[in-house]
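Reading the structure
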Amino acid sequence: VWRGKFDVARAERLLWRAGFGPRPGEAQKLARLGLDGAVHKLTHPGREHLVGHRPHDERGLPLAPFDAWGHDHVWWLDRMVRTSRPLVERMTLLWHDWFATSNSGVGSQRLMLNQNHLFRERGLGSFHELLLDVTQDPAMLLWLNGSDNSKDSPNENYAREMMELFTLGADRGYTENDVRQQARALTGFRNSWNQNTGPVNFRYDPQYHDTGRKTIFHHHGRFTWKDSCRLCVTHPDHASFFVRKLWSYFVAGAPDHATQRALERLYKSSRYEVRPVVAAILRHPALYTGARLVKPPVVYNAGLLRRIRRGIDTTAWTWLDSMAGQQLFYPPNVAGWDDTRWLDTATWRGRWWIAQYVLDRHALDPGHAHQPYDAKKLLDQACEFWHHPPLGRDTRQALHTFAQRALHDAKGESWKREQYPVMIQNALRQLIAVSPELQAA
Amino acid sequence: MTRACNHCDGLSRSRLLHRALAQAGSGLPAIEPGMPLPAGTGLTRRKFLATSLGAAVAVYGGSRLGFGALEEGIAAAAAGPAAPILVSVFLEGGADGLSVLSPQGDPLYRKLRPQLALTGGTALTEDDRLYWHPALGGLQQLYAEQKVTVLPAVGYTHADQSHFTSRHYWEVGATQANLRTGWLGRYLDRVGKNDNPLQGLSLDDTLAPALATAKVPVASISGADQYDFYSERVWGQVEERMLEAIGLLGHQPADAGLRAAGNVAAQVDRLRRQLIPFQSSNGFSSPVPYPQADDPFPQRLAGLAAMLAAGLPLHCVALTAPGEYDTHAGEPSALTQGLQLTSDSLVAFQRDLEARGLADRVLVHVWSEFGRRAAENGDSGTDHGAAGVGFLVGTRVTGKMVGEFPGLQKGLDGDGNVSATSGFRSVYASLLEQWFGVDAAAVLPKAASFTRPKLVA
């Protein structure tokens, strides 16, 4: 457990790791609770209430998340921006990445949002129950061919990924034969097709289940899909996989050996409950002393909106976040997003454009607004606009240098001395938003 | 190929390179003098021209060099002797070799594939059991011209059936999970220049792992994207200063996360300046028609041919083929679509190279991370298998089959998957030695243990 000071900076870091960053004043409030109080509040948030204006598209119309392209993405982004339960929403995002299901293979925003709801409801509960729910979730049944898997024609897709990506890790404790046997155990799910509405009537039909004997991880029996999940979760290599993967979402670098073992014990002794393990990670010193983590694009985007209390008033965030490398409900493949590679020259440009769109309606008009002809004052005002993000000295120096150089250009012409400071103010807000300190927390 | 003299006037290196490209290329866009300025933005012409011509080029591993050095390196390399080009085309997902080349002449084929078995079409002259997939008419034509070498069962023993693991093995050129450089990347580390990122080029949104190097820079170009930056109500001199300031954000703080963000800001800054004058969508003309498609693959190949014609110093190029090849269900239509566009695009590319007189310099290698199970799975699909199908395309290939089709009676392993009759590392070793002229032992682990099929005529 972190025994150092739990100050505003640490509370802010906690809010980034366990949510989408602070609204103005939130980090201060959380810091006053102390670490234990703060973690308890995040892991036991009570009923959700949404703070702020209802989301709408650019024409002021309500979102149509089940139907309109891209509205699913902004619908969820709105939850991230307005929720009173940031950790629940962050866990929902975590499970979306863990059980990465893409609508490119599902083809139904409704089924994707149903799965999203499942992650939101179950995200801090039992992993075993979550796995059972995911296994029979219609979006997943379509995505990894679970409802194509029957006794006469076993389909190994889900069986393989369930072990490789969801519970055990590649080549850890299972064989090709286990894949085939698991596939047999998982048979029985079906769905029908409706010409107008697509996949419907998801069900478990015992007629399609292979009732024969199977051997999985050296256990023998007439296993069903529920046994399949249980065998994965109780597998001796599962807890270590679970802990390492869960940890990686919250802390940079792997846990040390003692921490890893302690978390595994906690996980097993709590009978595969997620909440205590997350709480322990959130209280671990490594979260507060370790390196910063690059924010996932939607976390970055939601965080900027929260900072200035702007709600969802455009669907542009869908393609902008996609430019930055993360369109919700469309992970790149079944292994999810690569959280170590959010930033490159192309996705950085996407973040620039996100910041640009967050700022556009706040841009001051050089023809009318007034700003001081003073680099330091300009920078202080820009920091004020963003509610004093924690910029390092080098970044402040870089921004100050920019402001000074640009002011220097204005020398000698009176219209420039009037208008340049306003444009510099606009530019400083943009540059702060893309600075390293706002990209990683 | 004529080329502009490098020291004859006061143009910047950058403009010189642009001009050389425009002159040498058969249709790369010259900078258009009459291009209108966007009304009221206050942009300078220099900047507008630069941003409107730039493709989004991501440079990997060139961080020690300023953009000027990279640009000069590209110009210098372009002036040197033309290198042989290897184009790697990846069928992502594990293409079903038994549909690509269907063994209709094998008595077990219809038993194993009651729903999926293909009928009719044209048999290979080298093996009348195997029939071309109907969507591969283009490749079949090139095969008849002896410009295609077929590898009917290529892979490795004890094939890993994880997409990620098997693909990784193919990318690094070894069955080693921890190898972090690609096989082409290690080759470039040996022969490449430390200032020419175009020597290893991914035509994709991110770098192909096969090109990952330890030392020399390589690059990826996503396509026609323009690498522009803008902020509301920031114009003229202030905007120029703002964009310069992106580089100022690239300082080196102690924290690893901040440093990562700062490094990328520094790269962005370099890249924004290092704009290479080609556009892949409409900015160049091709001497032959390419397929029209939503997928960028044909346009990327068309752009590649134009870049080669322009004398850009490319050496190893990687693309991902269009289509879905992980056909657990709905295989017939998915496979037909993907193969059709891939094959038609490759044929257009070949004809383009031939028309431009470049065909003898280019060899295309088509591969997939594994093949699929011999027995279908009952959902009009197939599960992950072992050996798959591969092709080499170009005027310099032998056109002689490498490894035979092992047959479905004796040629399946214990899991019911096709056994490999040629090894992917053997193919790499031969390409390194016969196409690039280097000792494969310097690039591939355990190179001595692999045979060297004759691939280049």
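Worth saying up front: this structure is predicted, and the values here are computed from it rather than measured.

**Some remarks on the overall build of chain B**
In terms of helices and strands, chain B carries 13 helices and 12 strands. Sorting the 457 residues of chain B into buried and exposed places 60% on the buried side. Residue pairs at least 24 apart in sequence account for 72% of intrachain contacts in chain B once pairs closer than 6 positions are excluded. Total accessible area on chain B is roughly 16900 Å²; 51% of this is exposed by carbon and sulfur atoms.

**Focus: the side chain of Asp106(B)**
All names here are of chain B. Mapping Asp 106 onto the fold places it in the loop between strand E3 (101–102) and helix H5 (109–112). Buried within the structure, Asp 106 lacks any salt-bridge partner; Arg 129 is the closest side chain of opposite charge, at an N-O distance of 4.8 Å. A polar side-chain atom of Asp 106 sits 3.0 Å from the main-chain amide nitrogen of Leu 108. For Asp 106, the contacting residues outside a window of four places in its chain are Phe 405, Gly 407, Leu 408 and Gln 409.

**Describing the pattern of salt bridges**
Summed over all chains, the structure comprises 41 salt bridges over all chains. A salt bridge links Asp326(B) to Arg372(B), with the nearest nitrogen and oxygen atoms 3.1 Å apart. Taken as a pair, Asp326(B) in the loop between strand E9 (316–320) and helix H12 (331–355) and Arg372(B) in the loop between strand E10 (362–368) and strand E11 (388–393) lie far apart in primary sequence, 46 residues in all. Each of Glu156(A), Arg160(A), Glu176(A), Arg180(A), Arg373(B) and Asp415(B) takes part in salt bridges that share partners, so that together they form one network.

**Notes on the interface of chain B and chain A**
Counting residues at the interface gives 50 residues for chain B and 60 residues for chain A. When the buried surface of chain B facing chain A is broken down by residue, Arg233(B), Arg241(B) and Leu249(B) rank first, second and third, together holding 14% of it. Between chain B and chain A we count four salt bridges in total. A salt bridge links Arg241(B) to Asp409(A); the nearest nitrogen and oxygen atoms lie 2.8 Å apart. When residues of the side of chain B that touches chain A are traced back to their parent elements, those giving at least two are strand E1 (57–60), helix H7 (163–172), helix H9 (236–248) and helix H10 (256–273) of chain B. No other element matches H10(B), which puts 10 residues into the side of chain B that touches chain A. Of the residues belonging to the side of chain B that touches chain A, the class tally is 23 nonpolar, 17 polar and 10 charged.

**So, unusual backbone geometry**
Peptide bonds are mostly trans, and most non-glycine residues show a negative phi. All names here are of chain A. Phi is positive for Asp 171, which is not a glycine, with a value near 55°. Notably, Asn 201 is not glycine yet its phi reads approximately 55°, a positive angle. Among the secondary structure elements, Asn 201 is positioned in strand E2 (residues 198–204).

**What to know about the nonpolar core**
Counting residues in each nonpolar core, the largest one holds 153 residues, and the members touching the most others are Trp95(A), Trp98(A), Phe99(A), Phe127(A), Phe250(A) and Phe402(A). Those residues within four positions of Phe99(A) in sequence are excluded, and the remaining contacts are Phe119(A), Phe127(A), Leu130(A), Leu131(A), Val134(A), Met140(A) and Phe166(A). Membership of the second largest hydrophobic core comes to 64 residues, among which are Ile221(B), Leu335(B), Leu346(B) and Val393(B).

**So, helix H5 (residues 86–98) of chain A**
Under the 1.5 Å per step criterion, the end-to-end length of H5(A) is 18 Å for 13 residues, consistent within 8% with the ideal 18 Å. Here H5(A) lies mainly inside the structure; 13 of its 13 residues are buried.

**Some thoughts on helix H8 (residues 183–191) of chain B**
Burial runs high along H8(B): seven of the nine residues are buried. The complete set of buried residues in H8(B) reads Trp183(B), Leu184(B), Gly185(B), Arg186(B), Tyr187(B), Leu188(B) and Asp189(B).

**Some details on the packing of aromatic side chains**
Residue and element names in this part refer to chain A. Within this structure, the stated rule accounts for 35 aromatic pairs over all chains. Members of the aromatic cluster, each reached through a chain of ring pairs, are Trp 95, Trp 98, Phe 99, Phe 119, Phe 127, Tyr 158, Phe 166, Phe 241, Phe 242, Tyr 249, Tyr 267 and Tyr 272. The aromatic ring of Trp 98 is capped on one face by Lys 245, whose charged end is 5.2 Å from the ring centroid. The ring of Trp 16 carries Lys 295 above its face, with NZ or CZ at 3.4 Å from the centroid.

**Overview of the pairing of strand E2 (residues 85–91) of chain B**
Residues and elements named next belong to chain B. Taking burial as the measure, the seven residues of E2 include seven buried ones, the bulk of the element. Here E2 shows two buried faces, one formed by Ile 85, Val 87, Val 89 and Leu 91 and the other by Leu 86, Ser 88 and Phe 90. Of the strand pairs in this sheet, E2 and E10 are connected by seven bridges, and their pairing is parallel. Bridge assignment links Phe 90 to a residue of E10, and that residue is Trp 367.

Basis of the calculations
Residues numbered from 1 in each chain as written. Chains lettered and ligands numbered in written order. Predicted model: local features only at pLDDT ≥ 70, side-chain atom pairs only at ≥ 80, totals over all residues. Heavy atoms only, no water. Helix = DSSP H or I, 4+ residues; strand = E, 2+ residues; numbered from the N terminus. Buried < 20%, exposed > 50% of the residue type's maximum accessible area, 1.4 Å probe, protein only. Contact = heavy atoms within 4.5 Å. Areas by Shrake-Rupley, 256 points an atom, 1.4 Å probe, with all protein chains shown as cover. Lys, Arg positive; Asp, Glu negative; His and termini not counted. Salt bridge = Lys/Arg side-chain N within 4 Å of Asp/Glu carboxyl O. Polar contact = N/O pair within 3.5 Å; in protein donor to acceptor, adjacent residues only side chain to side chain. Buried area = accessible area lost by both parts, 1.4 Å probe. Nonpolar A, V, L, I, M, F, W, Y, C, P; charged D, E, K, R; others polar. Core = buried A, V, L, I, M, F, W, Y, C linked by side-chain atoms within 4.5 Å. Expected span 1.5 Å × (residues − 1). Phe/Tyr/Trp six-rings, centres within 6.5 Å; stacked < 30°, edge-to-face > 60°. Lys NZ or Arg CZ within 6 Å of the ring centre and 35° of its normal. Pairing = 2+ DSSP bridges.

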